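# Structural overview for review
One letter stands for each residue in the lines below.
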Amino acid sequence: MPSGAGVLYVVATPIGNLADWSARAVSVLRAAHTVYAEDTRHSQTLLNHHDIRTPLRSLHEHNEQQRVSELVELLQQGHDLALISDAGTPLISDPGFKLVRALRAQGCRVSPLPGPCALIAALSCAGLPTDRFSFEGFLPAKAGARRERLQALVADPRTLVFYEAPHRILETLQDCADILGAERDAVLARELTKTFETFLDGTLTELAARVAADDNQQRGEIVLMISGATVSDESADAGEAERVLQLLLPELALSRAVAIAEQLTGLPHKLLYKKALAMKNALPD
Ligand code: SAM
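Residues numbered from 1 in each chain as written. Predicted model: local features only at pLDDT ≥ 70, side-chain atom pairs only at ≥ 80, totals over all residues. Heavy atoms only, no water.

## With respect to the pairing of strand E7 (residues 159–164)
- Among the 6 residues that make up E7, 6 are buried, leaving the element largely enclosed by the rest of the structure.
- The two faces of E7 match: Thr159, Val161 and Tyr163 on one face and Leu160, Phe162 and Glu164 on the other face are all buried.
- Where the polypeptide runs from strand E6 (residues 133–138) across helix H6 (residues 143–151) and back to E7, its parallel neighbour, the crossover connection is right-handed. (Buried < 20%, exposed > 50% of the residue type's maximum accessible area, 1.4 Å probe, protein only. Helix = DSSP H or I, 4+ residues; strand = E, 2+ residues; numbered from the N terminus. Right-handed = clockwise from strand over helix to strand, strands pointing away.)

Shown next as structure tokens:
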């Protein structure tokens, strides 16, 4: 990159409350040559809020690779550029990863303008351990793939953080209770920074029951956080059960695999049987 080359600023925008625009975000977007945005119509409304007149160009998962040369050229000419997404921090369950990687590989300067991010906002108020956490993004929409992904997280000791669509939240909570353990503590954060912001906490079974009983909890934008596995809890047992069953199930009939797993682990028959059934169901048809 020539000296005097421009910078791509990766700019976080509000996740609901428009007062969360940072002063620096506004001035960087105003001064930029072009703002690249996931959905230009949606972003125009956001920018109008602060009377930002900078030209907008689309950048989404289908065209981000093609946009690379255009951005490199503008940066080489000394123009500063900005990348935003529909809400929150770009690249976090949003487009931009391929672009940033390509620009950095070509020696371009990419600089963050930090701000709102739903997972961080949710974690900061959930009261679950935050010293270690695993952001898992969106779980797969199909039940089999979702359950398989959850199986892989059973023994993870870190707090688990998911984004979830409102129409899938009930199913997801039920699967989490089933696979990670009914008694795990969890927190559902909904509509953060907006009028109907709510935090629900309880065990996974309690949360599933509360969400089932109240349609309002199946609306809006959601972050689901689940406490990690502990050595003494049911989920750790489930992890051990899974490891043993993973070896036995491909070789034996379900009831035989469960019986042998019972002898090997000393875990309760009921837990092993339930686990074995879930694992069988998670296998592709
Ligand atoms: N880039 C965004 C960020 O920094 O959080 C995330 C974009 S992702 C496409 C959208 C998902 O983020 C939503 O489906 C929801 O799970 C979560 N989300 C975004 N805004 C939220 C809010 N105000 N309250 C709760 N969850 C939110």
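## Regarding unusual backbone geometry
- In this structure, Asp51 takes a positive phi of about 55° despite not being glycine.
- Positionally, Asp51 belongs in the loop between helix H2 (40–48) and strand E3 (56–58).
- Its relative accessible area of 42% is what places Asp51 among the partly exposed residues.
- Of note in this structure, Leu91 is not a glycine but carries a positive phi near 75°.
- Inspection of the secondary structure puts Leu91 in the loop between strand E4 (81–84) and helix H4 (97–105).
- In this structure Leu91 comes out as partly exposed when scored by relative accessible area, which is 29%.

## Things to note about the site of the ligand
- Residues in contact with the ligand amount to 18 residues; listed here are only the nearest, Thr89, Asp94, Ala118, Tyr163 and Ile222.
- In this structure, a nitrogen atom belonging to the ligand sits 2.9 Å away from a main-chain N or O atom of Ile92.
- When the ligand is considered free in solution it has 580 Å² of accessible area, and contact with the protein chains removes 90% of it.
- Contributions of two or more residues to the shell around the ligand are made by E7 and strand E10 (222–226). (Near = heavy atom within 4 Å. Polar contact = N/O pair within 3.5 Å; in protein donor to acceptor, adjacent residues only side chain to side chain. Areas by Shrake-Rupley, 256 points an atom, 1.4 Å probe, with all protein chains shown as cover.)

## Some thoughts on the sheet that holds E3
- Strand order in the open sheet formed by 5 strands is E3-E2-E4-E1-E5, and the pairing between neighbours is parallel. Edge positions in the open sheet fall to E3 and strand E5 (109–113), since each of these has one partner strand only. With strand direction ignored, the average angle separating the axes of adjacent strands in the sheet is 25°.
- Here 5 bridges tie strand E1 (residues 7–11) to E5, and the two strands are oriented parallel to one another. Looking at E5, one finds that Val7 is bridged to Arg109. (Pairing = 2+ DSSP bridges. Axes fitted to C-alpha atoms, helices over the stretch in contact; angles between N-to-C directions.)

## Some points on the domain arrangement of the chain
- The domain boundaries assigned to the chain delineate domain 1 (7–116), domain 2 (119–226) and domain 3 (234–282).
- Summarising the inter-unit geometry, the C-alpha centres of domain 2 and domain 3 are found 25 Å apart.
- Taken together, the contact pairs 13 residues of domain 2 with 11 residues of domain 3.
- For the pairing of domain 2 and domain 3, the buried interface totals around 870 Å² over both sides, and the portion due to carbon and sulfur atoms is 48%.
- When the buried area of domain 2 at its contact with domain 3 is split by residue, Arg147, Gln151 and Val154 rank highest and sum to 48% of it.
- One can count 1 salt bridge joining domain 2 with domain 3.
- Its salt-bridge partner being Lys274, residue Asp178 comes within 3.8 Å of it at the nearest N-O pair.
- Linking domain 2 with domain 3 are 1 residue pair in polar contact (both at pLDDT 80 or more).
- For the side of domain 2 that touches domain 3, the secondary structure elements donating two or more residues are H6 and helix H7 (169–180). (Domains from an automatic or database assignment. Contact = heavy atoms within 4.5 Å. Buried area = accessible area lost by both parts, 1.4 Å probe. Salt bridge = Lys/Arg side-chain N within 4 Å of Asp/Glu carboxyl O.)

## Section: the environment of Thr40
- Structurally, Thr40 can be placed in helix H2.
- Residue Thr40 is classed as partly exposed on the basis of its relative accessible area of 29%.
- Separated by 45 residues in sequence, Thr40 and Ser85 place their C-alpha atoms 9.4 Å apart.
- Once residues within four sequence positions are removed from consideration, Thr40 is found in contact with Leu56, Arg57 and Ser58.

## A short note on a negative patch on the surface
- Among the surface-exposed residues, Glu183, Asp185, Asp201 and Glu206 lie close enough to one another that they form a single negatively charged patch.
- Take Glu206: its relative accessible area is 43%, and that puts it in the partly exposed class. (Patch = residues over 30% accessible without salt bridge, like charges linked within 9 Å, V, L, I, M, F, W, Y side chains within 5 Å. Lys, Arg positive; Asp, Glu negative; His and termini not counted. Charge placed at Lys NZ, Arg CZ, Asp CG, Glu CD.)

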